[in-house]
Every structure is written in structure tokens, then in C-alpha cells.
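Descriptive analysis of the structure
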Amino acid sequence: MTGTREALVFPDGFVWGAATAAYQVEGAAREDGRGPSIWDAFSHTPGKVAGGDTGDVACDHYHRYADDVRLMSELGLRAYRFSVSWPRVQPAGGGAVNAKGLDFYDRLVDELLKADISPYVTLYHWDLPLALERRGGWAERDTAHRFAEYAAAVHDRLGDRVATWTTLNEPWLIAFLGYAWGVHAPGRTDPAAAFRAAHHLLLGHGLATAVLRAAGARQVSLTFNLSPVEGPPEVADLIDGLMNRQFLEPALRGRYPADVLAVAARHGGLGHIHDGDLALINQPIDLIGINYYNPSVVSPKPGEPANPAFPGSEGVFFEPPSGPTTAMGWPIVPEGLTSLLLRLSRDYPETGLLVTENGAAFDDVVEDGAVHDRDRLAYLDAHLRAAHAAIQAGADLRGYLVWSLLDNFEWHDGYRRRFGIVHVDFATQRRLPKDSALWYRDVIRRNGLAR
Ligand code: IFM
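Residues numbered from 1 in each chain as written. Predicted model: local features only at pLDDT ≥ 70, side-chain atom pairs only at ≥ 80, totals over all residues. Heavy atoms only, no water.

**Digging into the sheet that holds strand β14 (residues 397-403)**
A barrel is described by the order of its strands in space; here 8 strands give the closed sequence β2-β3-β4-β5-β6-β8-β11-β14, paired in parallel fashion. Averaged over all pairs of adjacent strands, the angle between their axes in this sheet comes to 25 degrees, without regard to strand direction. Here 5 bridges tie strand β6 (residues 219-225) to strand β8 (residues 287-291), and the two strands are oriented parallel to one another. In the strand pairing of β8, Thr-223 is matched with Gly-289. (Pairing = 2+ DSSP bridges. Helix = DSSP H or I, 4+ residues; strand = E, 2+ residues; numbered from the N terminus. Axes fitted to C-alpha atoms, helices over the stretch in contact; angles between N-to-C directions.)

Structure (C-alpha cells):
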């Protein structure tokens, strides 16, 4: 791991926080009128999630949120990014709003504000109401309209206290892991549906952004999972297009990259992109949300079949990591964050940047009432140094939200992968701040890194 390890100070007002997502932490899957989501159906299907784990109980954040906010306060967090569960708010995916579902977020927001922690709300972090999937899910255009309707209902209840709104978390993953590869809910393996889903997610983002703006939302953002792609341009550009530019360019520039359109055209055609859609999608946003974990390295390899997450990638080989990795097997490359932030500043200089997720899973061990997670601490330290280097070079980075506050339900990996800076004993629900959490508390206190 690199880094010069001198003391570093971040800009005044830099936002320090942590993130979670509804299905990964809340539990209470059948309480207070919550309807089923695609992740309930997927996790309850044998063989889909490691260990047969589900989000039924997760971290029980639904009941323990006040204790969790107290913990955040002890750690000095200034912001908490959480997502709202759509099926809690609209159990049938549209129409009637379940007041009890919104009550939970009302209580959570009040508790955060009492502790002087800013709520950062994400409207969609993957838990689509099952009723909408039965009508075609994101592959169906109507879902984008239903999403805008849901955004209005949530803003209506929380908009007086929540300043920063994120429409979607990681549209590439939703579309291509959920509809093309099928390792995420809803588990479909239809590349044409994935391209349609990608477009309808973007449309939903645009429609919801317009609704949020009209209702007076102060800051609106969209969170992308962005991966710098390294390798010869003849292969790296294609993967960069599918993963990064397919979403950045419509949202921020109102156009699809030609190379992405060419691939989509070969997978079901472009009939789902209607005249005027790109103008609807391209609403001004205040912040680009960045979830950074690792870069990808590709090389040309004739005869290589398409990677299931990248339809159209025949002949592209994804190189295995050559250096240190996390427990996910993801390479640890902090410099990738610097180059990503600088690229976004260069390409979209008018929009502020916020790291909405960065962090790492490691195989933590509880020893004498402590978790000495040196690897995670080193990972976070190195990535903060990389973020600081980007700021020094001119990037308008406004804050950093670690993924994650708590160990939680890591999608198809279940509970076996721990990303939290706070350890959760899932048998007792006991929380235990790891060394990385105590270190992060000091980082926040001094608004930077010690020598
Ligand atoms: O846990 C996920 C999160 O829900 C979305 N971004 C990546 C994280 C780690 O895989």
C-alpha cells in the first residue's frame, strides 16, 4: 500500500460520515405494513445467497436506530447516509402510501438531527417492491414513473428536514448484476432487459430529480459505482463505456456514448429510448456520488466469451488482481480514487463530488473485546490520502462517507463479508467499534490524518 503518511488536513466543512442501506441493515422485513421486495424473494430462494442468509433481521436497525445514532454520535460522525425502503413506503409499489413505513424514517431523521448528524437520504438502494418486478421491474418504462411518484411521497414527509437527496445507488449494478448476470435480485439473465433497465433507471433518476427540485430539495445527487478501467484502449474503452460512461454521460451531459449505443443496439435494439428522454434524464444535479472500491484491468484475448456483467465484451479478458486484495478478492488500489476524482473534475467541472461509499471487507476477529482491523484501517488511511491528493490537485470533493457503519447483509455474500467499522455480533446484535472506527473518530476530530 502506498502513501507518504504525513499529516494532512481536509478543507473546512468537509463532510465526514458513514453509509448503510435499508435492506442491508434494517431487518423488520414484515413489520408495520412493509411489502415484499425483490431482495426478499431473491434471498429466500435457495442457492442465491451464501449460507442461505436473508435480510429478515439483518442488524435490526429498524428497532435499534436510536442506539445506532448514539454510536454515530460517539464516533463524531457529521453525516449518515441511509436508504429508504420503497416497499415500506409503497408496499404494492405504487398508489397508497404506508404512513407507518414513513414514520420510521421520520423518527430516524429526528434522532439524527438531535445528535447534530446530517441525514443523507438515498431513495433507491436495490429493494424494488416485488409487485413492480412482477410488472416487468426496471426493464419496464412504467417503473421510472412509479419511482418519481415514490420520491415525491418520501420528500413530502422528510423534505422539511433532509437537505441532500440521492436518487439511485449504483445503476450499473442494478441493471447488469440484476438483469444480465443474475447474481443480484431479481436474478434475470437477459442482456436486452439489462440495457432497458439501465435506461429506465436513468429516466427514473431524471423524473425523480425534477420532482425533488419542484418540491424544494436543496441538494440532489446520483451515486455511481465507478471503476477506472486500465488496459489497451481497444478493450478498456468498451468496459469504461458500459460501466461508467453509460450512466455519467446521459445524467450529466444528456447523451449516450456512441460505443454504448452500438452494444445496446445489438442486444434488443434501442426502441426503449424515446425522443425527449435524454432531456428528462439530464437534470442539473449538485453532487456526483462516487462509490469507489477498485479499478479493473482488461486485455484483449481472442475467443474470450463475454463477461456476463458486460454484454458485448467478447474478446475482453478481465485480469486477476496482481497485488493485495480485500476479503472480497478486490484489488487495493488507492491511487485509482485520485485518478477517478480528477477525471470527474475534468469532465464535469460544474458538479461537486462526494465519496458516498469507500471501504473494505476483511476477515475480522474479536479478541478480548476488540477488533484490531489493521488492514481496514490501512485501507481507509490510504484512500483518504488518495482523496486528499485529488483535492490538492483541484478536485471539488466535499465529503467522504465510509462503507459501512455496521457489518451487514452483503447481498449474495450474506453476512460472511464484513465491511463495517463497527462489528455486529448477529446472534446478540451487540455492536463493537473496531479499531478503524476509533481511528476514524480521531480523523474526524482533527479534520484530517495524523502523521
Ligand atoms: O454493500 C455494497 C453496497 O450496498 C453498494 N456498494 C458496494 C458495497 C460493497 O459491496
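**Quick look at the pattern of salt bridges**
This model, assessed by the stated rule, comprises 36 salt bridges. Here Asp-60 ties to Arg-64 by a salt bridge, and the two come within 3.0 Å at their closest N and O atoms. The exposure class of Asp-60 is buried, given its relative accessible area of 13%. Put simply, Glu-249 and Arg-255 hold a salt bridge, and the shortest N to O gap is 2.7 Å. Judged by its relative accessible area of 44%, Arg-255 falls in the partly exposed class. (Salt bridge = Lys/Arg side-chain N within 4 Å of Asp/Glu carboxyl O. Buried < 20%, exposed > 50% of the residue type's maximum accessible area, 1.4 Å probe, protein only.)

**Description of helix α15 (residues 435-446)**
Its 12 residues give α15 an end-to-end C-alpha distance of 17 Å, which sits within 8% of 16 Å, the value for a rise of 1.5 Å per residue. Turning to α15, its buried residues number three or more, namely Ser-436, Ala-437, Trp-439, Tyr-440, Val-443 and Ile-444. Here the buried residues of α15 occupy an arc of 160 degrees about the axis, which is enough to place them on one side. Close packing links the buried residues of α15 with β2 (15-19), α14 (374-392), β14, β16 (430-433) and β17 (448-449). Looking one or two residues past α15, Asn-447 carries a phi angle of roughly 50 degrees, positive in sign. (Expected span 1.5 Å × (residues − 1). Arc of directions from axis to C-beta. Contact = heavy atoms within 4.5 Å.)

**Notes on unusual backbone geometry**
The residue after Ala-185, namely Pro-186, is reached through a cis peptide bond having omega 5 degrees. By secondary structure assignment, the location of Pro-186 is in the loop between α8 (171-181) and α9 (191-214). Across the junction of Trp-403 and Ser-404, the peptide omega takes the value 10 degrees, indicating a cis bond. Along the chain, Ser-404 turns up in the loop between β14 and β15 (422-425). Positive phi values are uncommon outside glycine, yet Ala-58 reaches one of about 50 degrees. Tracing the backbone shows Ala-58 in the loop between α2 (38-43) and α3 (61-74). Unusually for a residue other than glycine, Trp-411 sits at a positive phi of about 50 degrees. Positionally, Trp-411 belongs in the loop between β14 and β15. For Trp-411, a relative accessible area of 4% gives the class buried.

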